[in-house]
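# An overview of the molecular structure
What follows is each chain in one-letter form.
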Amino acid sequence: MLNDLEPLASSPATYGFVIVLGLLWGSFANVCIYRWPPTDEFPDGRSVVRPGSHCFACQAPIRWYDNVPVFAWLWLRGRCRSCGAHFSSRYLLVEAVTGALFGFAWWAAVVMPTLFEPFDQRLLHFAVYATFCFVMIVVTFIDLDHKLILNKITIPSIAIFYAASLLWPERRWYDGVVGIAIGYGLPWAIGEIYYRITRREGLGLGDGMLLALIGALLGWRGVLVALFGGSMIGSVIGITALVVGRAAGSAAGADPDPAGEPAPGTEEDNSSLLRTELPFGPFLAMAALFYLFAEPWIQLHFHLPGG
């Protein structure tokens, strides 16, 4: 029966359905991003099921038609219908990015490998791709907000993605195990060496758990691509932020602050910029998503074995 649907796989209607599915999961991702991190009031985070969606300001329940991904934010101009409180445009961004990733995952997992894999296997691969994209989105935005990578996300995901990796016939049972070990062990070793030299924390254990998650699905190659690719992306963004910060400081002038704080653009201020901590999880996630989609092309053109 599934094979009867194969001719529809590349139709615009199917892409539209998949993107809408991604928008809905993006809406749920926003709930997870907002509720899962610990707070003073909720040290273990909050349930993503109860209570239902509500305004953070007036606590009014959000009606179903005001909760339609992307479109509801646009027609309400990012405000609560009841009290007018402003909702961050980040909600819109998360939903749109998740929808786009689901659409691309459908093409990469189902449409592109038409000549190489049976249709039902491609559908399973799409489910894995889409789930991985969802997890990377949630991890990225929680890390941006809180500089935390939560074990409640990574530990179950390691088990799920290790099992999912076995859906690829070329994967061997130990590829995911090696990926998990290297994913956690390598950043632990780097962080330990960095701490011994500088007496400051480098890579956190949360980054190691994220790399273990990546290794569970993508093996040790995925770990290396995520680690070094994430480092490159982070370096580019970090250097750009430093240059922009220095330029803003120079434009503001270098007169000392009456309160005794270092003036923007001075050596002291530049030093503080250099010490600014950037969450590494988002860069690891971006590099991992690149390898997720690029791995089949890399193996095809470079004749690499699985794992």
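The following paragraphs examine the structure supplied in this document. (Residues numbered from 1 in each chain as written. Predicted model: local features only at pLDDT ≥ 70, side-chain atom pairs only at ≥ 80, totals over all residues. Heavy atoms only, no water.)

### A closer look at the overall build of the protein chain
The helix and strand inventory of the protein chain stands at 9 helices and 0 strands. Taking all 307 residues of the protein chain together, the buried fraction comes to 42%. When contacts within the protein chain are restricted to residue pairs at least 6 apart in sequence, those whose partners lie at least 24 apart make up 69%. Carbon and sulfur atoms form 67% of the exposed surface of the protein chain, whose accessible area is close to 17,100 Å². (Helix = DSSP H or I, 4+ residues; strand = E, 2+ residues; numbered from the N terminus. Buried < 20%, exposed > 50% of the residue type's maximum accessible area, 1.4 Å probe, protein only. Contact = heavy atoms within 4.5 Å. Areas by Shrake-Rupley, 256 points an atom, 1.4 Å probe, with all protein chains shown as cover.)

### Let's talk about the side chain of threonine 98
Within the secondary structure layout, threonine 98 lies in helix α3 (residues 90-111). Judged by relative accessible area, threonine 98 falls into the buried class, the value being 1%. Look past the residues within four positions of threonine 98 in its chain and what remains in contact with it is Gly22, Trp25, Gly26 and Ile137.

### Some details on the side chain of aspartate 143
As for its placement among the helices and strands, aspartate 143 is situated in helix α4 (residues 119-146). There is no salt bridge for the buried aspartate 143, and the closest opposite charge comes from lysine 147, which lies 7.6 Å off by N-O distance. Engagement of the side chain of aspartate 143 in a polar contact is seen with the backbone nitrogen of leucine 148, the distance being 3.1 Å. Discounting residues that sit within four places of it in the chain, aspartate 143 has contacts with Leu148, Ile149, Pro279, Phe280, Gly281 and Pro282. (Lys, Arg positive; Asp, Glu negative; His and termini not counted. Salt bridge = Lys/Arg side-chain N within 4 Å of Asp/Glu carboxyl O. Polar contact = N/O pair within 3.5 Å; in protein donor to acceptor, adjacent residues only side chain to side chain.)

### Some details on unusual backbone geometry
Cis geometry marks the peptide bond from arginine 50 to proline 51; its omega dihedral reads -10°. Assignment of secondary structure puts proline 51 in the loop between α1 (12-35) and α2 (71-75). Look at glutamine 59: it is not a glycine, yet its phi comes out positive at around 65°. Within the secondary structure, glutamine 59 sits in the loop between α1 and α2. When its relative accessible area of 47% is taken as the criterion, glutamine 59 is described as partly exposed.

### Structural notes on the environment of tyrosine 65
Along the chain, tyrosine 65 falls in the loop between α1 and α2. What tyrosine 65 contacts, discounting residues up to four positions off in sequence, is Ala72, Trp75 and Arg81.

### What about the packing of aromatic side chains?
This structure, assessed with the given rule, holds 15 aromatic pairs. Geometrically, the ring pair formed by phenylalanine 102 and phenylalanine 126 is edge-to-face, given 6.3 Å between the ring centres and 90° between the ring planes. Taken together, the residues phenylalanine 102 in helix α3 and phenylalanine 126 in helix α4 connect sequence positions 24 residues apart. Phenylalanine 126 shares its class with phenylalanine 102; the two are buried. Ring centres of phenylalanine 104 and phenylalanine 293 lie 4.8 Å apart, and the angle between their planes is 85°; this geometry places the pair in the edge-to-face category. In this pair, phenylalanine 104 sits in helix α3 while phenylalanine 293 sits in helix α9 (residues 281-302), placing the two residues 189 residues apart along the sequence. Among the residues examined, phenylalanine 293 registers a relative accessible area of 13% and is labelled buried. Among the aromatic residues, those joined into a ring-pair cluster are Phe104, Trp107, Tyr129, Trp168 and Phe293. (Phe/Tyr/Trp six-rings, centres within 6.5 Å; stacked < 30°, edge-to-face > 60°.)

### Some points on the nonpolar core
The biggest cluster of nonpolar side chains holds 62 residues, and the ones touching the most others in it are Phe126, Phe132, Leu217 and Leu292. Listed by contribution, the elements that provide at least two residues to this core are α1, α3, α4, α5 (151-165), α7 (205-252) and α9. Apart from residues no more than four positions distant in its own chain, leucine 217 is found in contact with Val128, Phe132, Phe161, Ala164, Ser165, Trp168, Arg171 and Leu292. (Core = buried A, V, L, I, M, F, W, Y, C linked by side-chain atoms within 4.5 Å.)

Shape descriptors only; they carry no functional weight alone.
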